[in-house]
Amino acid sequence: MIVDPDVVGLSRLQFALTALYHFLFVPLTLGLAFMLAIMESVYVMTRREVWKRMTQFWGVLFGINFAMGVATGVTMEFQFGTNWAYYSHYVGDIFGAPLAIEGMMAFFLEGTLVGLFFFGWDRISPLKHMLVTWFLALATSLSALWILIANAWMQNPVGAAFNPQTMRMEVTSFKEVIFNPVAQSKFVHTVSAGYTMGAMFVLSISAWYLLRGRNVDFAKRSMTVAASFGLAASLSVVVLGDESGYTVSENQKMKMAAIEAMWETEPAPASFTLFGLPDVKARETHAAIRVPWVMGLIGTRSIDQPIPGIAALVDDAKIRIADGIKAYDAMLILRENKGDEQAKAILAAHDKDMGYALLLKRFMDDPRKATPADIQKAADSTIPNVPVLFWSFRIMVACGMYFIFLFGYAFWRSSTRRLDGRRFLKVALWSLPLPWVAAELGWIVAEYGRQPWAIEGVLPTALGASSLTAGQVWISLGGFVLFYTALAFVDGYLMLKFARKGPDGLGMWPKRPDAIPVTAQTV
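Residues numbered from 1 in each chain as written. Predicted model: local features only at pLDDT ≥ 70, side-chain atom pairs only at ≥ 80, totals over all residues. Heavy atoms only, no water.

Novice: So what exactly am I meant to see when it comes to the overall build of the protein here?
Specialist: A count of helical and extended segments in the protein gives 19 helices and six strands. For a compact globule of 523 residues, the expected C-alpha radius of gyration is about 24 Å, and the protein comes in at 26 Å, within 12% of that figure. Taken over the C-alpha atoms alone, the protein extends approximately 85 × 50 × 40 Å along its principal axes. A burial count over the protein gives 53% of its 523 residues as buried. Excluding contacts between residues fewer than 6 apart, the proportion of contacts in the protein whose partners are at least 24 apart in sequence is 78%. For the protein, the accessible surface area stands at approximately 23100 Å², while carbon and sulfur atoms represent 66% of it. For the protein, the distance from the average site of its 45 positive side-chain charges to the average site of its 41 negative ones is 12 Å. (Helix = DSSP H or I, 4+ residues; strand = E, 2+ residues; numbered from the N terminus. Rg over C-alpha atoms; globule rule 2.2 N^0.38 Å. Buried < 20%, exposed > 50% of the residue type's maximum accessible area, 1.4 Å probe, protein only. Contact = heavy atoms within 4.5 Å. Areas by Shrake-Rupley, 256 points an atom, 1.4 Å probe, with all protein chains shown as cover. Lys, Arg positive; Asp, Glu negative; His and termini not counted. Charge placed at Lys NZ, Arg CZ, Asp CG, Glu CD.)

Given below as structure tokens:
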């Protein structure tokens, strides 16, 4: 049965919107948690009350963000059952395990530690409270780890195999699932991006206070922490992003080729396209500006290994589709007769390509009846949206380079006690949205670039959807849009309310009658 493309498209749209919205909060939680731990550590070592008040104020904004992250994350996971039922049935034994561990090990731990953080200031000693804050920071990263282990398995499905007895994918090595190289690179890259976001959040709001001449001592100390932490984090993002690019080149060659708009295989080492205008119909990139060798070094760590282009990968997909049809035929035989030894042998020989045969299910009921034209169409469907990936990646990288420059400049100004330059403060303030832009574009590159696969090479997205009608998905999509829009207003209102009040307005900081706005004369 051919899956209704409207249901698949709407289900993808719903999950994309909820995931993108949820990802507005997750990186900031990661970054702010560690900055709170750093600030409180200084308080415990120096016993200076200023650092305690800093921790408490930024902790208020952390708490608002954390609550929103929980509210959006819980509803997102329910969609695996409501909108992606066959996906859950087919790979739930593998994908569900990290999610369950995240809930039991990390989420409950986070909830407990958040309560101790907010209500433990006057109930436990400063040293114990500092330990709570550090454990909270580690717990947020632990939560991200298990989520990214699950997501990495979708990108690189190791440690699992198709079981003809149950007709599902099952774990063969949980150790391989946990230590998936894609999971490792995604985790450190994502966490570093979160640290960068947290640093920018503190830097920008502190700049706003300095521009208004409010909480000057508080803002300068906060900005100093943000500049130091942000510089280290932004450098880590770029370095660890390079490792993430290498794992993509190893395990998702079509995604890499699409990111580069590399239509044909280039002689090694491949160049990096700094700028260009990808033309999908002509399958070429106009006005391309290329930097020799760079892509080859990033993607292969060598100067003699080529990176396959889109055309070569489509040809490879055609071979794998034809090979996968043999596995699909053997699977249907085993469904009727689980003891057929010949079918078992055929399936064992070709099961790695069965997912490619399933690509044909998007166009026909029985892949075994596919013509060469059908196979060509299915192979062409493995090409993701090249212009979207090409530009998303480059804007993300440009943001990353900008962060290094901004935090480096902020670190220099803080080191020389020159944090009151008005132009610098305005740039720092207006840079606030950029980490979110970079993070969302990174998500688009990672997830949109995996299409047409829900599980790379195993399960096409078109087959993972639930048996729903388009009307039913429209209703749930509309409900999510209304719910998340309401949450966006609540989050924006609370963040602006408490940020504008500041530590002085919340009674955490003594108001200074001598505080004056930063002007050209005071710079």
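Novice: I would appreciate a short explanation of the confidence of the model for the protein in the present structure.
Specialist: Low pLDDT marks stretches whose predicted atomic positions should not be read closely. With 96% of its residues at a pLDDT of 70 or more, the protein shows a mean pLDDT of 91. Predicted confidence is poor over residues 512–523, with pLDDT under 50, and the contacts of this stretch with residues over four places away or in other chains come to 19 contacts. (pLDDT = per-residue confidence, 0-100.)

Novice: What is the right way to read helix α14 (residues 372–380) from this model?
Specialist: Think of an α-helix as 3.6 residues a turn; residues three or four steps apart then line up on the same face. Where α14 is concerned, the buried positions are Asp-374, Ile-375, Ala-378 and Ala-379. One side of α14 carries all its buried residues, which in axial view fall inside an arc of 135°. Turned more than 90 degrees off the buried face of α14, the exposed positions are Pro-372 and Ala-373. Buried residues along α14 sit in contact with α11 (310–336). (Arc of directions from axis to C-beta.)

Novice: Could you clarify how one ought to interpret the packing of aromatic side chains in this entry?
Specialist: Given two aromatic rings, one states the distance between the centres and the angle between the planes to describe the pair. Across all of its chains, the model carries 31 aromatic pairs by this definition. Plain terms: the ring middles of Tyr-409 and Phe-424 are 5.6 Å apart, the flat faces sit at 75° to each other, and that makes the pair edge-to-face. Linking Tyr-409 in helix α15 (residues 386–415) with Phe-424 in helix α16 (residues 422–430), this pair joins segments that are 15 residues apart in sequence. The rings of Phe-57, Trp-58, Phe-201, Trp-208, Tyr-209 and Phe-218 are connected pair by pair, giving a single aromatic cluster. Above the plane of the ring of Phe-390 lies Arg-394, whose end atom (NZ or CZ) is 3.7 Å from the centre. (Phe/Tyr/Trp six-rings, centres within 6.5 Å; stacked < 30°, edge-to-face > 60°. Lys NZ or Arg CZ within 6 Å of the ring centre and 35° of its normal.)

Novice: Sorry, what's going on with the nonpolar core here?
Specialist: Side chains of a nonpolar character, in soluble globular proteins, are inclined to be buried together. Ranked by internal contacts, the top residues of the largest apolar core, which has 142 residues, are Trp-58, Leu-61, Tyr-87, Phe-201, Leu-203 and Ile-321. The element that contributes the greatest number of residues to this core is helix α7 (residues 181–211), accounting for 17 residues. Residues in contact with Phe-201, not counting those within four places in the same chain, are Leu-28, Leu-32, Trp-58, Leu-61, Leu-432, Trp-436 and Met-495. Val-248, Met-256, Met-262 and Ile-307 belong to the second-largest nonpolar core, a separate cluster that totals seven residues. (Core = buried A, V, L, I, M, F, W, Y, C linked by side-chain atoms within 4.5 Å.)

Novice: What exactly am I supposed to notice about the pattern of salt bridges here?
Specialist: Pairing is possible between side chains that carry opposite charge, provided their charged atoms lie close to one another. For the structure on display, the rule yields 14 salt bridges. A single network of salt bridges, built from pairs that share partners, joins Asp-242, Glu-243 and Arg-301. (Salt bridge = Lys/Arg side-chain N within 4 Å of Asp/Glu carboxyl O.)

Novice: Please explain the side chain of Glu-102 as it appears in this structure.
Specialist: Checked against the element boundaries, Glu-102 lands in helix α4 (residues 85–119). Look at Glu-102: it is buried, it has no salt bridge, and the nearest opposite charge is Lys-186 at 16 Å. Those residues in contact with Glu-102 that sit more than four places away from it in its chain are Glu-77, Phe-107, Glu-110, Ser-143, Trp-146 and Ile-147.

Novice: Help me out: how do you make sense of the environment of His-129 in this one?
Specialist: Tracing the backbone through its elements, the reader meets His-129 in helix α5 (residues 126–155). The class for His-129 is buried, based on a relative accessible area of 1%. Along the sequence, His-129 and Leu-113 sit 16 residues apart, while their C-alpha atoms lie 9.8 Å from each other. At 2.8 Å, the side chain of His-129 and the backbone oxygen of Phe-117 are in polar contact. (Polar contact = N/O pair within 3.5 Å; in protein donor to acceptor, adjacent residues only side chain to side chain.)

Novice: Is there a simple way to explain the pairing of strand β3 (residues 272–279) in this structure?
Specialist: Looking at chain direction, β3 and strand β4 (residues 284–291) are connected through six bridges and run antiparallel. For Asp-279, the partnering residue across the bridge sits in β4 and is Glu-284. The hairpin turn running from β3 into β4, its antiparallel successor, is four residues long, and Arg-283 in that turn takes a positive phi close to 55°. (Pairing = 2+ DSSP bridges.)

Novice: Even after reading the chapter, I still don't get the pairing of strand β2 (residues 168–171), so can you show me in this structure?
Specialist: A regular strand places its side chains so that they alternate between the two faces of the sheet. Judged from the four bridges that link them, strand β1 (residues 160–163) and β2 form a sheet pairing that is antiparallel. Bridged to Asn-163 within β2 is Arg-168. Counting the residues that bridge the hairpin from β1 to β2 gives four residues, and of these Met-167 lies at a positive phi of roughly 60°.

Novice: Where do I start with the environment of Phe-162 in this structure?
Specialist: With respect to the element layout, Phe-162 can be found in strand β1. Measuring from C-alpha to C-alpha, the distance between Phe-162 and Asp-351 comes to 7.4 Å, with 189 residues separating the pair along the chain. Setting aside residues up to four positions removed in sequence, Phe-162 forms contacts with Tyr-90, Met-167, Arg-168, Met-169, Met-331, Leu-347 and Met-354.

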